[in-house]
Amino acid sequence: MKEKLIEKTLMLLAFSAIGALLLMAVFIFKEGMPIIFKVGIKNFLFSTHWAPTKGHFGVSSMIVSSLFVTIGAMIIGVPLALACAITLAEFAPQRVTVILKPTIELLAGIPSVVYGFLGVVLLVPLIRDYLGGPGLSLLAASIILAIMILPTITSISIDAIKAVPYSYKEGSLALGATHWQTIRMVILKAARSGIITAIILGMARAIGETMAVIMVAGNALRLPQSPLSPVRTLTSNIALEMGYAAGDHRAALFATGIVLFVFIMVFNVSANIITKRWRRE
Amino acid sequence: MISFFFIALLGCRLSTKEGVVCTIAGSTSIQPFVEKLAEIYMEHHRGVIINVQGGGSTAGIRSVRGDVADIGTSSRELRKEEKDLKEIVIAWDGIAIIVHPDNKVKDLSLSQLRDIFAGRIRHWSELGWSHRRIHFVTREEGSGTRNAFEDMVMHNVPISDEALVEDSNGSVREIVAHDPHAIGYISYGIVDQRVKALRIDGIEPNLRTIKEKRYKLTRPFLFVTKVAPHGLAKDFIEFVLSPEGQKILEREGLIGIR
Amino acid sequence: MAKRINPLMLQRIVKAQLWSLTGFTIGILFFIIFFISIKGLPQITLEFLTSNPVDMGRSGGIFSTIVCTLYLIFVSLMIAMPLGVGAAIYLTEYTRESRLTHIIRFGTECLAGIPSIIMGLFGFAFFVMALGLGWSILSGGMTMSIMLLPTIIRTTEESIKAVPYELREVSFSLGVTRWQTVTKVVLPSALPGIVTGIVLGIARCIEETAVIIFTVGSSLRLPESFFDSGRTMAVHFYILAREGISMPNAYGTAAILILSILFINLSAYYLARQFLKKIC
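Here the structure is a predicted model, which means the values were calculated and not measured. (Residues numbered from 1 in each chain as written. Chains lettered and ligands numbered in written order. Predicted model: local features only at pLDDT ≥ 70, side-chain atom pairs only at ≥ 80, totals over all residues. Heavy atoms only, no water.)

We now examine the overall build of chain A. Helix and strand counts for chain A stand at 13 helices and 2 strands. Principal axes of the C-alpha set define a box for chain A whose edges measure 75 × 70 × 30 Å. Partitioning the intrachain contacts of chain A with sequence separation of at least 6 by distance along the chain shows that 73% fall at a separation of at least 24. Placing the 23 positive and 12 negative side-chain charges of chain A at their respective mean positions leaves the two points 5 Å apart. (Helix = DSSP H or I, 4+ residues; strand = E, 2+ residues; numbered from the N terminus. Contact = heavy atoms within 4.5 Å. Lys, Arg positive; Asp, Glu negative; His and termini not counted. Charge placed at Lys NZ, Arg CZ, Asp CG, Glu CD.)

What follows is the structure, encoded as structure tokens:
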């Protein structure tokens, strides 16, 4: 009897995470959907005019900015992360990897506000003085995000590369391929799903980051014209205006959250599907 | 509406201790000054609690009407439909237009200022300085300072969507202090030596010009109550208006009413 | 047609490039830590740690923010730990892989991917407003605990899975019930893994900002109870730095933040290695 009770209790606990997820979805949709219906989904998603206290609720420039910032972060971050992963998994001596992998993972633990602050103090003046514009820009946000997602991508990619069966590598080397040829044609192919998962998770982290972006992106509402334009992402829109928002304005910020939520779920689900395939392989 | 709801809940939680608790809610521009005053007031009067909350001017005024805050604070003039409430000016504040100290521009007219923020004047050369673009910084939608700026300067011309947007007086000042080509507007109370406040229509913002309302971008800091204040609220307001309270406000950079 | 490069030559070039990119990345990490340490460590004195912020943080120390951070960690872990460990026990000891566990795992993974700003919005709408807890350490702790759940579930699950099956068999054969087996045999062996989860949770509480601003608020007063609003170190740093209130104090706070994260990560790493040693 007591055993049964314990089992039931534990089962309830096991549902806590998924319960929290559902509750979260319900609350954010409940707060945000009314305003989306009020202004119309098309208007909300495709208008660039955001002036919530004057009745304009278009988030398209923020969606575009969020995507650009994320893509920029990927262009800068992915090659670096893959280079690290390949080096540490294949070239570096075991002793070095054991030390360097946790060191890189430590980068993930540095508070995002510290990254943002370093961006403001070091990166923004460089961009302003040498490239022009106000410095607070899409480029600055992308660089800071690239550094922030490096550890995620590197660490998962290392695991994926290490999971490739040793026999693959042996076979290739035995056929006379060089180590690099083996990596490029055999190992990276075999680890492909794992690496893609790593990249998707990195993207999810980049599109969801708030504090660092708000500090370096400049938060202007216009669609980005160049990498030096200041931009406002979905996340920074929420954090920037939540302080005083009331009524429809507040609802519109929750609606911004819905858009972000949908993006993240798409990333999560695709990462999940690809991971499953990776496991099967 | 919701912040109102929140303050209502907060009020309920505290109402058990009525008499020794005074809740003040409203403008976040005024909040730091009132916090300072409350801190000193509570040192004088052991056992009483002055609870200072933000929420914005509009939420503050609403919470007074709903009896959940004893005093509301507002950093803008009351609107017509709000005039039935009792208002007490506790200090004056100027909205300073700030630029980097290296900036050669010293004086702007109100219409030039409007054109800058509307995106119609785009280069400093049009104002007699360098050929670089003007980086203009505004506050976020909903901010009381932005409201006041729009009322006094923009007159229904929208602020351009090219503007950099920051969510506090302090962060606007930080950007202007580091970018030689930036311009922004902040509360006069927090202007420091790292930025330069411009003359507007030939008048420099300082204690005298703001007090005499000759400086055009002057706004009152208001305490708002539903009925004539009584009890602890009355005592606290008297403290704020007393020479000691006013001296504290002036030390923090505001302009006293005397 | 371009001349083919000798594969060995190519390998040498690629290797050099990869190594330099790796060096660059590691360099960034060390640069960040050194930059903050050099600017921040001189600010840290006993007085800085033990006095409250004065004048919005322009002077004084960071004592109240340390207290607030500790309270927050305490509340978050108190909620997340039983939930997470319980969930992990259920997933490993009480069920077989089935559709149900797949759904639970998928939900947990999705939760891990939710950005903190969404967590913050939810915590604000639910705990702060709907439940009427106001901006308080309690609201923040509950929101944070949801954020910590996936990590704690995962690390606990992994460490429970690593406990050899024979231990359970011996226990069962002695007629001990499942729950007793779990508490007396499985959990003690899995302890280091659980502790790793907790340590990672602590780090998460220290570094988080967006959630805290939305749910705990940013009041500088020393929190007296879990119902009080407060300001954690990360939020304090954010406000000091962003509003340019005091750069020396901002660097000092950043140094404390980085040092504690460094210390926490090292101990998590150490624990994980101890754990590996034990089961190998």
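Moving on from the model shown.
We now examine the side chain of B:Arg146. Summarising the element assignment, B:Arg146 is placed in helix H5 (residues 144-154). B:Arg146 has contacts with B:Thr138, B:Arg139, B:Glu140, B:Glu141, B:Ile159 and B:Tyr185, leaving out every residue within four places of it along the chain.

Right, let's get into a nonpolar patch on the surface. Residue and element names in this part refer to chain A. A cluster of nonpolar side chains, contributed by Leu67, Phe68, Ile71, Ile75 and Ile76, occupies part of the molecular surface with about 430 Å² of accessible area. Mapped onto the elements of the fold, Phe68 is located in helix H4 (residues 60-91). On the basis of relative accessibility, which here comes to 40%, the residue Phe68 falls in the partly exposed class. (Patch = residues over 30% accessible without salt bridge, like charges linked within 9 Å, V, L, I, M, F, W, Y side chains within 5 Å. Areas by Shrake-Rupley, 256 points an atom, 1.4 Å probe, with all protein chains shown as cover. Salt bridge = Lys/Arg side-chain N within 4 Å of Asp/Glu carboxyl O. Buried < 20%, exposed > 50% of the residue type's maximum accessible area, 1.4 Å probe, protein only.)

Counting through the fold element by element, A:Ala163 comes out in the loop between helix H7 (138-162) and helix H8 (166-174). Through-space distance from the C-alpha of A:Ala163 to that of A:Gln94 is 15 Å; in sequence the pair is 69 residues apart.

Quick look at the interface of chain C and chain A now. By a frequent convention, interface size equals the accessible area lost on bringing the separate parts together. Between chain C and chain A, the contact holds 75 residues from the first and 72 residues from the second. Both faces combined, the contact of chain C with chain A buries some 6700 Å², and carbon together with sulfur accounts for 83% of it. Remark: the boundary between chain C and chain A carries 0 salt bridges. Tallying contributions element by element places helix H1 (residues 7-40) of chain C first for the side of chain C that touches chain A, with 21 residues. In the side of chain C that touches chain A, the residues fall into 59 nonpolar, 10 polar and 6 charged. (Buried area = accessible area lost by both parts, 1.4 Å probe. Nonpolar A, V, L, I, M, F, W, Y, C, P; charged D, E, K, R; others polar.)

The subject of this paragraph is the interface of chain A and chain B. Listed as interface residues are 26 residues of chain A and, on the opposing side, 26 residues of chain B. When the two sides are added together, the surface that chain A and chain B hide from each other amounts to roughly 2100 Å², 51% of it contributed by carbon and sulfur. Considering only the side of chain A, the residues that lose the most area to chain B are A:Arg128, A:Arg222 and A:Tyr244, jointly responsible for 35% of the buried surface there. Taken together, chain A and chain B are joined by 4 salt bridges. A salt bridge links A:Arg222 to B:Asp161; its shortest N-O distance comes to 2.9 Å. Run the count over chain A and chain B and you get 7 residue pairs in polar contact (both at pLDDT 80 or more). Contributions of two or more residues to the side of chain A that touches chain B are made by helix H12 (234-241) and helix H13 (247-280) of chain A. The residue makeup of the side of chain A that touches chain B, split by class, is 13 nonpolar, 7 polar and 6 charged. (Polar contact = N/O pair within 3.5 Å; in protein donor to acceptor, adjacent residues only side chain to side chain.)

Next up on the list: the packing of H7(A) against helix H10 (residues 192-208) of chain A. Residues and elements named next belong to chain A. Interaxial distance between H7 and H10 falls to 8 Å at its minimum, and their mutual angle equals 160 degrees. Taken together, the axis directions place H7 and H10 in an arrangement best described as roughly antiparallel. Every pair of crossing elements has a handedness; the one defined by H7 and H10 is right-handed. Residues Leu145, Met148, Ile149, Thr152, Ile153, Ile156, Ser157, Ala160 and Ile161 of H7 pack against Gly194, Ile195, Ala198, Ile199, Leu201, Gly202, Arg205 and Ala206 of H10. Its residues assigned to classes, the contact of H7 with H10 shows 12 nonpolar, 4 polar and 1 charged. (Axes fitted to C-alpha atoms, helices over the stretch in contact; angles between N-to-C directions. Parallel < 35°, antiparallel > 145°, perpendicular 65-115°, else oblique. Left-handed = near helix turned anticlockwise from the far one by under 90°.)

Counting residues in each nonpolar core, the largest one holds 225 residues, and the members touching the most others are B:Ile97, B:Leu113, B:Phe149, B:Ile183 and B:Leu217. No other element matches H4(A), which puts 15 residues into this core. For B:Phe149, the residues in contact, after removing those within four places along its chain, are B:Ile95, B:Ile97, B:Leu113, B:Phe117, B:Met154, B:Ile159 and B:Tyr185. Formed by 27 residues, the second largest nonpolar core is a distinct cluster that contains B:Cys22, B:Ala38, B:Tyr41 and B:Phe221. (Core = buried A, V, L, I, M, F, W, Y, C linked by side-chain atoms within 4.5 Å.)

Residues and elements named next belong to chain A. Residues Arg184, Lys189, Arg192, Lys276, Arg277 and Arg280 make up a contiguous surface patch of positive charge. Breaking the positive patch down by element, the ones donating at least two residues are helix H9 (179-190) and H13. Sorting elements by how many residues they give to the positive patch places H13 first, with 3 residues. Following the sequence through the fold, Arg280 ends up in helix H13.

Attention shifts here to the pattern of salt bridges. A side chain of one charge can pair with a side chain of the opposite charge when the charged atoms of the two come close. Inspection of every chain in the model, using the stated rule, returns 35 salt bridges over all chains. Salt-bridge contacts for B:Asp107 lead to B:Arg199; the nearest nitrogen and oxygen are separated by 3.6 Å. Residue B:Asp107 is located in strand S5 (residues 107-108), and its partner B:Arg199 is located in strand S10 (residues 199-200); the two are separated by 92 residues in the primary sequence. Assessed through its relative accessible area of 33%, B:Asp107 is described here as partly exposed. With a closest N to O distance of 2.8 Å, B:Arg133 and B:Glu162 form a salt bridge. Here B:Arg133 is found in the loop between helix H4 (110-117) and strand S6 (135-139), whereas its partner B:Glu162 is found in the loop between H5 and strand S7 (164-166), with 29 residues between them in sequence. For B:Arg133, a relative accessible area of 35% corresponds to the partly exposed category. Three or more residues are tied together by salt bridges with common partners; here these are A:Arg222, B:Arg122, B:Arg133, B:Asp161 and B:Glu162.

The predicted structure's coordinates, where accompanied by low pLDDT, should not be read in detail. Residue and element names in this part refer to chain B. When the pLDDT values of chain B are averaged, the result is 86; 93% of them are 70 or greater. The model gives residues 1-9 a pLDDT under 50, and that stretch makes 24 contacts with residues more than four places away or in other chains. Predicted confidence is poor over residues 11-18, with pLDDT under 50, and the contacts of this stretch with residues over four places away or in other chains come to 8 contacts. Interface confidence for the predicted complex, expressed as ipTM, amounts to 0.90; the pTM equals 0.89. (pLDDT = per-residue confidence, 0-100.)

Right, let's talk about the domain arrangement of chain B for a bit. Residue and element names in this part refer to chain B. Segmentation of chain B into domains returns domain 1 (4-92 + 220-251) and domain 2 (94-218). The gap between the C-alpha centroids of domain 1 and domain 2 is 29 Å. Listed as interface residues are 6 residues of domain 1 and, on the opposing side, 9 residues of domain 2. Where domain 1 abuts domain 2, roughly 670 Å² becomes buried across the two surfaces, and 53% of that area is made up of carbon and sulfur atoms. Considering only the surface of domain 1 that becomes buried against domain 2, Ser29, Arg76 and Trp92 emerge as the three largest contributors, covering 55% of it. (Domains from an automatic or database assignment.)

Another point: the packing of helix H2 (residues 16-39) of chain A against helix H4 (residues 99-113) of chain C. Closest axis-to-axis distance for the H2(A)/H4(C) pair is 8 Å, and the angle between their directions is 55 degrees. Looking at the two axes, H2(A) sits oblique to H4(C). The two elements H2(A) and H4(C) cross, and the hand of that crossing is left-handed. Along its contact with H2(A), which presents A:Ala17, A:Ile18, A:Leu21 and A:Met24, the element H4(C) presents C:Ile103, C:Ile104, C:Gly107, C:Thr108, C:Cys110 and C:Leu111.

Residues and elements named next belong to chain B. Where burial is concerned, most of S6 is hidden: 5 out of the 5 residues are buried. As paired strands, S6 and strand S8 (residues 182-187) are joined by 3 bridges and run parallel to one another. Looking at S8, one finds that His135 is bridged to Ala182. In this region the chain leaves S6, passes through H5 and returns to the parallel neighbour S7; the handedness of that crossover is right-handed. (Pairing = 2+ DSSP bridges. Right-handed = clockwise from strand over helix to strand, strands pointing away.)

This brings us to empty space enclosed by the protein. Going through the model one piece at a time under the given rule, you end up with 1 cavity of 30 Å³ or more. The calculated volume of the largest cavity comes to roughly 50 Å³. Taken together, the residues that form the lining of the largest cavity break down as 3 nonpolar, 1 polar and 3 charged. (1 Å grid on protein atoms, 1.4 Å probe; cavity = no way out; pocket = protein on both sides within 12 Å on 5 of 7 lines; lining within 4 Å. Points joined across faces, edges and corners; volume = space filled by probe spheres on them.)

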